[in-house]
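# A closer look at the structure
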Amino acid sequence: SVWVTRGKISLNGFISYQLEGLGSDHMLMPNPLLPNAVVAPLWTECETCINYVGEVYWYGDPNTGDLIVQWDSVLARESDFLTFETIIRANGDILFQYQNTPSYLDYTVGLESADGTQALVVYQEGGCPPIRDNFAILFHNSNSPPGVEELTVYRGSSLSNNTILRWESVAP
C-alpha cells in the first residue's frame, strides 16, 4: 500500500491528493485535467467559500489512522444545505455517508486515479441518483486478487437491503 500524507479538501465536496487544480466546477470522471487523485463523496458547486454558509471539518484519528472529513450544512444552489462525510480508513476502505443530499442532479460521486485515466464512478449527472438522505456507500478493500475490487451500497438498516457490486479490471 502507498499511504498519502498530503492532500487538499475542497469546499466543493471532494478530496484530492494532488495539490493543484481545486476549482469550483465538478467534472465528469475519468478526466486527465486537474484535479486528479480524487475522492468525491459529493462533488458539486457549493457556495460555502462565497457566502460562508456551512463548515468543513477534518480529523486524523491517531488511534485508528482513519481520516474523517465532514461537510456540515454546506450551501449549494442557494437552497440545499448538504451534510455528508468521508472516512478514509487505514485499511484502505473508503466510506461515504450522507445526512442531507441535493435536490438536483448536477454532481459526481466516485474515485479517480492519480493520472485521471481511470475512475470508479457511482454517479455522474443525469439518470437516477444513487444517494439519498441517511445513506452510505462503502468502497471495500477486500484483499482480493490484483485488479478485483468490491463496492457495498448500504440501502437500509438490514443486511438484506444492501447491494454488493464486484468488478474486475479488464485489459484493453
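Structure: above.
Parameters and conventions
Residues numbered from 1 in each chain as written. Predicted model: local features only at pLDDT ≥ 70, side-chain atom pairs only at ≥ 80, totals over all residues. Heavy atoms only, no water. Helix = DSSP H or I, 4+ residues; strand = E, 2+ residues; numbered from the N terminus. Buried < 20%, exposed > 50% of the residue type's maximum accessible area, 1.4 Å probe, protein only. Contact = heavy atoms within 4.5 Å. Areas by Shrake-Rupley, 256 points an atom, 1.4 Å probe, with all protein chains shown as cover. Phe/Tyr/Trp six-rings, centres within 6.5 Å; stacked < 30°, edge-to-face > 60°. Lys, Arg positive; Asp, Glu negative; His and termini not counted. Salt bridge = Lys/Arg side-chain N within 4 Å of Asp/Glu carboxyl O. Pairing = 2+ DSSP bridges.

### Quick word on the overall build of the protein
Along the backbone of the protein there are one helix and 12 strands. Listed by position from the N terminus, the elements making up the protein come as β-β-β-α-β-β-β-β-β-β-β-β-β. Counting the 172 residues in the protein, one finds 39% classified as buried. Within the protein, contacts between residues at least 6 apart in sequence are counted, and of these 44% link residues at least 24 apart. Summed over all atoms, the accessible surface of the protein reaches about 9500 Å², with 53% contributed by carbon and sulfur.

### Topic: unusual backbone geometry
In this chain, M29 is followed by P30 through a cis amide linkage whose omega measures 0°. The residue P30 is located in the loop between strand 2 (14-16) and strand 3 (38-43) in this model. Look at the link from L34 to P35: it is a cis peptide, with omega at 5°. Looking at where P35 falls in the secondary structure, it is placed in the loop between strand 2 and strand 3. For A37, which is not glycine, the phi dihedral falls at a positive 55°. The exposure class of A37 is buried, given its relative accessible area of 12%.

### Looking at the packing of aromatic side chains
Scanning the entire structure with this criterion turns up six aromatic pairs. With 4.3 Å between their ring centres and 40° between their planes, F14 and W43 make a pair best called tilted. Of this pair, F14 sits in strand 2 while W43 is found in strand 3, placing the two residues 29 residues apart along the sequence. Here F14 falls in the buried class, since its relative accessible area comes to 0%. Between F96 and F139, the aromatic rings sit 5.1 Å apart at their centres with planes inclined by 70°, giving edge-to-face as the arrangement. On the criterion of sequence distance, the pair formed by F96 in strand 7 (residues 94-100) and F139 in strand 10 (residues 135-140) is long-range, its members being 43 residues apart.

### Here's the deal with the side chain of E85
Its place among the elements puts E85 in strand 6 (residues 80-88). Buried and unpaired, E85 has R89 as its nearest opposite-charge partner, separated by 7.7 Å. Filtering out sequence-adjacent residues up to four positions away, E85 remains in contact with I68, V69, Q70, W71, L95, F96 and Q97.

### Some points on the pairing of strand 9 (residues 119-124)
One ladder, built from five bridges, connects strand 8 (residues 108-112) with strand 9; its direction is antiparallel. Note that in strand 9 the partner of V109 across the bridge is Y123. Hairpin remark: strand 8 followed by strand 9, antiparallel, with six residues in the connecting loop; positive phi at G116, about 75°.

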